[in-house]
Amino acid sequence: MKLRLGPLDSGDIGQARVWRNDFRIMEWTRQSDFISDSDQVKWFNRQAEDPTIKMYKVILERDEKPDVMVGVAGLTSIDFKSSRAEFSLYINPDLQRRGLGKGALTMLLNHAFDNLGLAQVHGETFVGNPALTMFIGLGMRVDGRRRDFYWKAGRLIGADLLSITREEWY
């Protein structure tokens, strides 16, 4: 399995919106309502012009077939002065639990530390998200927990705060 990151183009945003609106993705995101086509276009245009956001498509390279986008990964809230950013990642829900998320996050962290020169990448994940095991397996540390912090599916849920530094990554 060979993955790479590529620029997220306007032609990719329809598929990204379909995945974001899939319950298997939505249940683990801060998003609480469906994303409309016009909202997705506004988001794409805003992030394309904002230097504190770097979004990428996750591409699966296939030998005898055309390469295919299998997810979206990115860095948001990039603070170059403090040398940190928040990570974002989602994989096509039909292709999850096959190592694509781990591969994509590995590439994203390499990019953050090697190319962007960041010192820390952080994020959060809702309590109960099975991806937490993968995050920890890549060397991320749980820095704490926000208890009963987000309203989701008719109840308050917590979120685990995660981070990894350049030194911990290498």
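Going by the structure above, here's the rest.
Residues numbered from 1 in each chain as written. Predicted model: local features only at pLDDT ≥ 70, side-chain atom pairs only at ≥ 80, totals over all residues. Heavy atoms only, no water.

## Concerning the packing of helix α1 (residues 13-20) against helix α3 (residues 37-49)
Running from amino to carboxyl end, α1 crosses α3 at an angle of 115°, the nearest separation of the two axes being 10 Å. Where α1 crosses over α3, the two elements pack in a sense that is right-handed. Judged by residue contacts, Ile13, Ala16 and Arg17 of α1 engage Asp37, Gln40, Val41 and Phe44 from α3. A class-by-class count of the residues in the contact of α1 with α3 yields four nonpolar, one polar and two charged. (Axes fitted to C-alpha atoms, helices over the stretch in contact; angles between N-to-C directions. Helix = DSSP H or I, 4+ residues; strand = E, 2+ residues; numbered from the N terminus. Left-handed = near helix turned anticlockwise from the far one by under 90°. Contact = heavy atoms within 4.5 Å. Nonpolar A, V, L, I, M, F, W, Y, C, P; charged D, E, K, R; others polar.)

## Some points on the environment of Gly158
Looking at where Gly158 falls in the secondary structure, it is placed in strand β7 (residues 155-165). Assessed through its relative accessible area of 9%, Gly158 is described here as buried. Sequence-wise, Gly158 and Thr125 are 33 residues apart; in three dimensions their C-alpha atoms are separated by 8.6 Å. (Buried < 20%, exposed > 50% of the residue type's maximum accessible area, 1.4 Å probe, protein only.)

## Considerations on unusual backbone geometry
Positive phi is not limited to glycine here, since Asp148 has a value of about 45°. Tracing the chain through its elements places Asp148 in strand β6 (residues 141-152).

## A short note on the sheet that holds strand β1 (residues 2-7)
Pairing between the strands of a sheet comes from backbone hydrogen bonds, and it takes one of two forms, parallel or antiparallel. Read across the sheet, seven strands follow the order β1-β2-β3-β4-β5-β7-β6 without closing on themselves; strand pairing throughout is mixed. Where the open sheet ends on each side, the last strands, each with one partner, are β1 and β6. The average angle at which neighbouring strand axes cross in this sheet is 30°, direction not considered. Bridge analysis of strand β5 (residues 120-126) against β7 gives seven bridges, and the strand direction is antiparallel. For Gln120, the partnering residue across the bridge sits in β7 and is Thr165. (Pairing = 2+ DSSP bridges.)

## Description of the packing of aromatic side chains
Under the defined criterion, the tally for this structure stands at four aromatic pairs. Between Phe113 and Tyr170, the ring centres sit 6.3 Å apart and the planes meet at 70°, which makes this aromatic pair edge-to-face. Of this pair, Phe113 sits in helix α4 (residues 100-115) while Tyr170 is found in the segment after α6 (166-169), placing the two residues 57 residues apart along the sequence. Judged by its relative accessible area of 3%, Phe113 falls in the buried class. Considering the side-chain rings of Phe126 and Tyr150, the 5.4 Å spacing of their centres and the 55° angle between planes classify their relative orientation as tilted. One end of the pair, Phe126, is in strand β5; the other, Tyr150, is in strand β6, and 24 residues separate them in sequence. The same class applies to Phe126 and to Tyr150, which are both buried. Three or more aromatic residues link up through ring pairs in this structure, and these residues are Phe126, Phe149 and Tyr150. (Phe/Tyr/Trp six-rings, centres within 6.5 Å; stacked < 30°, edge-to-face > 60°.)

## Points about α3
One turn of an α-helix holds 3.6 residues; hence residues three or four places apart share an orientation. Here α3 is 13 residues long and its end C-alpha atoms lie 19 Å apart, about the 18 Å a rise of 1.5 Å per residue gives. Looking at the packing, one finds that the buried side of α3 touches α1 and β2 (54-61). (Expected span 1.5 Å × (residues − 1).)

## Describing the pattern of salt bridges
Scanning all chains against the criterion turns up 13 salt bridges. With its nearest N and O atoms 2.6 Å apart, the salt bridge here joins Arg4 to Glu61. Residue Arg4 is located in strand β1, and its partner Glu61 is located in strand β2; the two are separated by 57 residues in the primary sequence. Classification of Glu61 as partly exposed rests on a relative accessible area of 25%. Its salt-bridge partner being Glu124, residue Arg146 comes within 2.8 Å of it at the nearest N-O pair. With Arg146 in strand β6 and Glu124 in strand β5, the pair connects residues that are 22 residues apart, well separated along the chain. Among the charged side chains, a network of salt bridges with common partners joins Arg30, Glu86, Glu124 and Arg146. (Salt bridge = Lys/Arg side-chain N within 4 Å of Asp/Glu carboxyl O.)

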